[in-house]
Structures are given as C-alpha cells and as structure tokens.
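# Observations on the model geometry
One letter stands for each residue in the lines below.
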Amino acid sequence: MPDLIDLRSDTVTQPSAAMREAIAAAPVGDDQFGEDPTVNLLQERIAAILGKESALWLPTGTMANQVALRVLTRPGDDVVVSQESHAVWHETGASAANAGVQFTSVGSKGCFTPEDFVAAVKPRGHVTYPPTTLVEIENTHNRAGGIVFPQDAVERICTVAAEREVATYLDGARLWNAAVASGRRPAELAAPFDLVSVALSKGLGAPGGSVLAGSRQVVQRCVRYRRMLGGAMRQVGLFAAAGLHALDHNVHRLADDHANARVIADRLSTSRQIVLDSATVRTNIVVFGLVADAPDAPTVVDRARARGVLLFAFGPRTLRAVTHLDVSRPQCERAADVLLAVVET
Ligand SMILES: *Cc1c(COP(=O)(O)O)cnc(C)c1O
C-alpha cells in the first residue's frame, strides 16, 4: 500500500538514495581489529559531539544498554530508573538475564527529582539492602511521550550520585531529539554522565547502529561485553557510513518531526474520546489515552490500519504515534483526521 502512513515508530524509515550512495562508497575493514576507517571516523565524531574521550559502535540500542549495565554494575546491584523506562519494559528482561541487576523505578511521567533519587538509593555495605550502584536517565523518554528530562534535574541527580559513588548512564537513543527540542548541544546534555548511548536508527534514519561514549577507560571495558553479547562485528563501516550521513543531514530536520507531532497532538486533543495534553508533546512521540467509553487501543489500531494509518498500542487504552523523516506534514494531518474518525465511531 503506497500511501500507508506508518507512525508505529521512527525506526521504520527507509535509507534514502543519498544514504545508500554513502554506504556504497564507504571504505571498510575488520572492526574487531579496529581496522574499519568508517567506524573509527563515526566513533571519533560522536565522541566529539558528545564531549567524551572515546566512543564505541554497537549494532543496537538494547545492546548499548546491556553493555552499560555490565560495565557499571555487578550482579545483585540495584539501578534507579524512571517509571516505564526502556530498560525495564522493552528489553525482554535482558538486564536481569545479562547483568543480573534489579531496578527501582521512581518519579512520574519519565522524570524524577534528586530527592526521588536520594530516597531510592540503598547504601553499600548494608546488611540487607541491594547496593545502588547506577542511576539511568532516559532522554527523551519513550513511554512518557518523548518528554525531555529537565537538564537542571539531570545535573543535580548526577552530582548527588557522584557524592554517593553511584555511576550515571544516559539512555540517549533519542538524545538528538532532546537536543533539538531544548536548544542545548548534545555535549551539554551528555556532560554529567559517565556513559552515554545514542541511536542512529531512530529519528536519524540509518538502518542500524548505536554508539556508547564515555572516558577512554570505561569505553575500553565496553569492548569485552560487546563481544560477550555477540555484537562485535566486521565490516560495519557500511552502517557507520549511514550514521555519518545521518549526522550531516538528519539532525536539524528533527524539528520538522517535532512540529508534525504537535500538529497530530493538537488535533487529537480536540476529541473528548482522547486523553492528551498536547502541550506536553515537545518531540516526535505522541502517547495518548482513550476514555472509558471510547473503543479500546487494539480496536483503534485495527480501524486505523484499515484506513491506511499504522500506530502502536502501548496498553489496553494507550496508543503511541511517532513522526519521522518518511512522513510529511499533510500525511500527519491526514493521520490525525483518521484517528479522530475512528475513535468517534
Ligand atoms: C529504541 C530504544 C532503545 C533500543 O534500541 P534498539 O536499537 O531498538 O535496540 C533503547 N532505549 C530507548 C529509549 C529506545 O527508544
């Protein structure tokens, strides 16, 4: 169906003709020997963008999160995260299986305060408590509707974490969106953290790849766990070339995705069947609820699909729509009108 409007995720984007040309032209080598010049270039470029010493390419953001946990925690440790974080909801229990950690979820709507964090920290050496050794912040926060974590809270949380010798990790799969929406440089958003991940395969439109960045020492330790999880690859300069192309062409245009999401949110919030404060939509994700007498989320997904609009059910009465570089403003307007129609019937 050529006129399908796919709002399930910003991962559905197709590599453009120009991106495919960049992939075809890339010099490559065996990345496990550190000999892929395109991967090395991408790693250096992202380390510089994030203001870190060193960076490491990985195939997925899930693996980046898993490697971060292996490097920054020990089995049995406690990790403080926001409610409904990606690590807890979307990684098939990997953190328990791989790093053997438990999570304490705090705050609300994807954010938490330094006070929330301090109240959740369990000290080392206690006779019964699991030691809290890591705090993880997701920015932007997926399940909370793409919200940007307030940077003053980030800085204070990381300061009190350092005082307690708790490591800090930023799940920045959509950090590019946070940077564009807040007008802050990625390096500023990343500065308080020991380790940071960013994705090339979400709003940036590359076919795959995430990058971890931090001090040389921490990133060096990530290399072993990437291999342990089966993610050490060979001529992945093909992916890195797409990432470099995306950094050149697809970061600033994220503002268009944000504006399109706001258009969808503004239209949806006019319906009495829908629960959504469109003022909270600041990036490319629209998470909205359905009132009790509206059709449920799976019904809305089916009806919208029949009218050429794809979106994702996050819960029995919760839906997510995501804008990206393969959906235009008119398509977003049309999708919103389809959604309004299907929730009313
Ligand atoms: C998508 C996502 C990931 C995982 O990335 P994959 O490449 O799909 O494994 C991690 N964290 C957040 C916040 C994400 O949105």
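Residues numbered from 1 in each chain as written. Predicted model: local features only at pLDDT ≥ 70, side-chain atom pairs only at ≥ 80, totals over all residues. Heavy atoms only, no water.

## Side note on the domain arrangement of the protein
- Considered domain by domain, the protein is made up of domain 1 (17-249) and domain 2 (253-344).
- Summarising the inter-unit geometry, the C-alpha centres of domain 1 and domain 2 are found 28 Å apart.
- The interface of domain 1 with domain 2 comprises 18 residues on the first partner and 13 residues on the second.
- Approximately 1,300 Å² of surface area, both sides summed, lies buried where domain 1 meets domain 2, with 57% of it carried by carbon and sulfur atoms.
- At the surface where domain 1 touches domain 2, the tally comes to zero salt bridges.
- Put simply, domain 1 and domain 2 have five residue pairs in polar contact (both at pLDDT 80 or more) between them.
- Of all the elements, helix H8 (residues 175-182) adds the most residues to the side of domain 1 that touches domain 2, at five residues. (Domains from an automatic or database assignment. Contact = heavy atoms within 4.5 Å. Buried area = accessible area lost by both parts, 1.4 Å probe. Salt bridge = Lys/Arg side-chain N within 4 Å of Asp/Glu carboxyl O. Polar contact = N/O pair within 3.5 Å; in protein donor to acceptor, adjacent residues only side chain to side chain. Helix = DSSP H or I, 4+ residues; strand = E, 2+ residues; numbered from the N terminus.)

## Overview of H8
- Listed in full, the buried residues belonging to H8 are Leu175, Trp176, Asn177, Ala178 and Ala179.
- Of the residues trailing H8, Gly183 is marked for its positive phi of about 70°. (Buried < 20%, exposed > 50% of the residue type's maximum accessible area, 1.4 Å probe, protein only.)

## Observations regarding the sheet that holds strand E13 (residues 318-322)
- In spatial order, the strands read E9-E10-E13-E12; together these four strands make up an open sheet with antiparallel pairing. In this open sheet, the two strands that pair with only one neighbour each are strand E9 (274-275) and strand E12 (312-315).
- Here strand E10 (residues 285-290) runs beside E13; their pairing, made up of five bridges, is antiparallel. When the sheet's bridge partners are listed, Ile285 is paired in E13 with Val322.
- The strands touched by helix H12 (residues 254-268) are E9 and E10; relative to E10, the strand with the most contacts, the crossing angle is about 15°. (Pairing = 2+ DSSP bridges. Axes fitted to C-alpha atoms, helices over the stretch in contact; angles between N-to-C directions.)

## Here we look at the environment of Asp277
- Turning to its location among the elements, Asp277 is positioned in the loop between E9 and E10.
- Taking C-alpha positions, Asp277 is 7.9 Å from Ala265, a pair spaced 12 residues apart along the chain.

## Quick notes on the environment of Ala55
- Inspection of the secondary structure puts Ala55 in strand E2 (residues 54-58).
- Once the C-alpha coordinates of Ala55 and Val79 are considered, the two residues, 24 residues apart in sequence, prove to be 23 Å apart.
- Beyond its immediate stretch of four places on either side in the chain, Ala55 contacts Gln43, Ala47, Val211, Leu212, Ala213 and Val219.

## Regarding the sheet that holds strand E5 (residues 132-138)
- Pairing in this open sheet of seven strands is mixed, and the strands run E2-E8-E7-E6-E5-E3-E4 from one edge to the other. Strands at the two margins of the open sheet, each flanked by one partner only, are E2 and strand E4 (102-106). The sheet shows a mean angle of 20° between the axes of neighbouring strands, taken without regard to direction.
- As paired strands, strand E3 (residues 78-82) and E4 are joined by five bridges and run parallel to one another. Within E4, the position partnered with Val79 by the bridge is Phe103.
- Strand contacts of helix H7 (residues 151-163): E5 and strand E6 (167-172), with the helix running at about 170° to E5, the strand carrying the most contacts.
- Each of E2, strand E7 (195-199) and strand E8 (210-214) touches helix H10 (residues 216-228); the most contacted strand, E2, lies at about 20° to it.

## Looking at unusual backbone geometry
- With an omega dihedral of 0°, the bond running from Asn139 to Thr140 counts as a cis peptide bond.
- Within the secondary structure, Thr140 sits in the loop between E5 and H7.
- At Glu84, a residue that is not glycine, the phi angle is positive and equals roughly 55°.

## Focus on the site of the ligand
- Residues in contact with the ligand, as listed here, are Thr60, Gly61, Thr62, Asn65, His86, Glu138, Asp171, Ala173, Arg174 and Lys202.
- Thr62 places a side-chain nitrogen or oxygen 2.6 Å from an oxygen atom of the ligand.
- One nitrogen or oxygen atom from the side chain of Lys202 is found 2.8 Å from an oxygen atom belonging to the ligand.
- For the shell around the ligand, the element with the highest residue contribution is helix H3 (residues 61-72), accounting for three residues.
- For the shell around the ligand, the class distribution of residues is one nonpolar, five polar and four charged. (Near = heavy atom within 4 Å. Nonpolar A, V, L, I, M, F, W, Y, C, P; charged D, E, K, R; others polar.)

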